[in-house]
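Survey of secondary and tertiary structure
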Amino acid sequence: MKLILVKDYQEMSKQAAEYVIEKLLQNPNMKLGLATGGTPIGTYKFLIEDHKRNGTSYQNVKSFNLDEYVGLSATNENSYHYYMNDVFFNHIDIKKKNVHIPSGDAPDIQKECEDYETVLTKHGRVDLQILGIGNNGHIGFNEPGTSFDSKTHIVKLAPSTIRANSRYFESMEEVPTRAVTMGISTIMQSKEILLLVSGESKSKALLKLWENEVDEYFPASVLKKHPAVTVIADEAAYAELRANDRAFA
Ligand code: PGA
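Report follows, based on the coordinates. (Residues numbered from 1 in each chain as written. Predicted model: local features only at pLDDT ≥ 70, side-chain atom pairs only at ≥ 80, totals over all residues. Heavy atoms only, no water.)

1. Topic: the environment of glycine 33
The condition that has to hold: Helix and strand definitions here come from DSSP, where helices need a minimum of 4 consecutive H or I residues and strands a minimum of 2 consecutive E residues; each element is numbered from the N-terminal end. Burial status follows relative accessibility: with a 1.4 Å probe on protein chains alone, a residue under 20% of its type maximum counts as buried, one over 50% as exposed, and anything between as partly exposed. Contacts are assigned to residue pairs that have any heavy atoms within 4.5 Å of one another.
Summarising the element assignment, glycine 33 is placed in strand 2 (residues 31-34). The exposure class of glycine 33 is buried, given its relative accessible area of 0%. For the pair glycine 33 and phenylalanine 64, spaced 31 residues apart in sequence, the C-alpha separation works out to 4.7 Å. Every residue in contact with glycine 33, bar those within four places of it in the chain, is listed here: Phe64, Val126, Leu128, Gln129 and Ile130.

Written as structure tokens, this is what we have:
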């Protein structure tokens, strides 16, 4: 894993966007894996700005999102479909037919998982997957204990994830308890991975990622087995590693 250390969230977002743009200019037909949550919002902002200013086009890009809450329709403001349209897709020229996100309200969720995996396989490997990391080390919604062999599947969200996500909902009761997520092996199929880590709350997770053995109880640790992972972390996220004098020791 390559670590790029930056000053703050803004700088992380800018560098991540520049990374994506460079890949996009090299390969305008790229298959881009996208993440939701608080972390990538700044990256999407920079990408939109670049699209408007420089005309970087997404006409031939195919996107694949990591996950979606079970029970929420695409029009529900808390769904990841809604989030993606709101923070990114509505502001660029990507074709809706090229956007792929699992359906949270499919009548048969198990079948939806299988269909999503089939779509991913059919398109071939994702060129660049953007990832965030949960405080508990989850990637996508693959919570601790998820098999590294997992494909797209239904997950029961960990209490810490439900708590972390509750900031977007009016009450705890509204936070979905299940999600559909690409599996760990699905994520590991990507040719390249860009992991974004920002803020003090992620500092312990970043330390564990660096220090821990590869272990299914810390899902992100699997990334150590991937040949092309770049981590962009800001100073706040890096604090624990610095205190332990690790990555740049
Ligand atoms: P966050 O979530 O970006 O909202 O912190 C990241 C994650 O849980 O993967």
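So that's the structure; there's more coming.
2. Some words on the sheet that holds strand 8 (residues 178-181)
Put simply, the test is: Think of it this way: DSSP has to see at least two bridges between two strands before they count as a pair. Lines are fitted to the C-alpha atoms to define the axes, a helix being fitted only along its stretch in contact, and any angle between axes, read from their N-to-C directions, falls within 0 to 180 degrees.
The three strands are arranged 4-8-7 in an open sheet whose pairing can be described as antiparallel. At either end of the open sheet lies a strand with only one pairing partner, and these are strand 4 (67-69) and strand 7 (153-156). Shown here is a sheet whose adjacent strand axes are inclined to one another by a mean of 25°, direction ignored. Examined bridge by bridge, strand 4 and strand 8 share three bridges and lie antiparallel to one another. Within strand 8, the position partnered with tyrosine 69 by the bridge is alanine 179. Its contacts with the sheet place helix 4 (residues 109-123) against strand 7 and strand 8, and it is angled at close to 125° to strand 7.

3. Description of the layout of surface pockets
Using the following cut-off: The pocket and cavity definitions rest on a 1 Å grid over protein atoms only: a 1.4 Å probe that fits but cannot leave marks a cavity, an open set with protein on both sides within 12 Å along at least five of seven lines marks a pocket, and residues lining either have an atom within 4 Å of a point. Grid points are joined across faces, edges and corners, and a volume is the space filled by probe spheres set on the points. Nonpolar residues are Ala, Val, Leu, Ile, Met, Phe, Trp, Tyr, Cys and Pro. Charged residues are Asp, Glu, Lys and Arg, and all others, Gly as well, are polar.
In this structure, the largest pocket spans a volume of roughly 500 Å³. Lining the largest pocket we find 28 residues, and of these Gly37, Ile133, Gly134, His138 and Lys202 sit closest to its centre. Of all the secondary-structure elements, those providing two or more residues to the lining of the largest pocket are strand 4 and helix 5 (159-165). Across the lining of the largest pocket, the residue classes break down as ten nonpolar, 15 polar and three charged.

4. Description of the site of the ligand
Let me state the cut-off plainly: In these notes, residues near a molecule or strand are those with any non-hydrogen atom within 4 Å of it. Any pair of N or O atoms that falls within 3.5 Å is considered a polar contact. Within protein, one atom must be able to donate a hydrogen and the other to accept it, and sequence-neighbouring residues count only if both atoms are side-chain atoms. Computed with the Shrake-Rupley method and a 1.4 Å probe, the accessible areas treat only the protein chains shown as cover for residues. In this scheme, a molecule is assigned to a cavity or pocket if more than half of its atoms are within 2 Å of the grid points.
The environment of the ligand is formed by Gly37, Gly38, Thr39, Gly132, Ile133, Gly134, His138, Arg167 and Lys202. Threonine 39 has a polar side-chain atom sitting 2.4 Å from an oxygen atom of the ligand. In the model, an oxygen atom of the ligand is placed 2.6 Å from a nitrogen or oxygen of the histidine 138 side chain. Computed on the free molecule, the ligand has an accessible area of 280 Å², of which 82% lies beneath the protein chains in the complex. Comparing atom positions with the cavity grids shows the ligand to sit within the largest pocket. Classifying every residue of the shell around the ligand by side-chain character gives one nonpolar, six polar and two charged.

5. Considerations on the packing of helix 1 (residues 9-26) against helix 2 (residues 41-54)
Cut-off, in case you're wondering: Geometric relationships in this document are graded by angle, where less than 35 degrees denotes roughly parallel, more than 145 denotes roughly antiparallel, 65 to 115 denotes roughly perpendicular, and other angles denote oblique. Left-handed is the label given to a crossing in which the near helix is rotated counterclockwise from the far helix by less than a right angle, and right-handed is the label when the rotation is clockwise.
In contact at an axis separation of 8 Å, helix 1 and helix 2 are set at 55° when each is read in the N-to-C sense. Judged by the angle between their axes, helix 1 and helix 2 are oblique. Seen along the crossing, helix 1 lies across helix 2 with a hand that is right-handed. Here Tyr9, Gln10, Ser13, Lys14, Ala16, Ala17, Val20 and Ile21 of helix 1 lie close against helix 2, whose contacting residues are Ile41, Gly42, Thr43, Phe46, Leu47 and Asp50. Taken together, the residues that form the contact of helix 1 with helix 2 break down as eight nonpolar, four polar and two charged.

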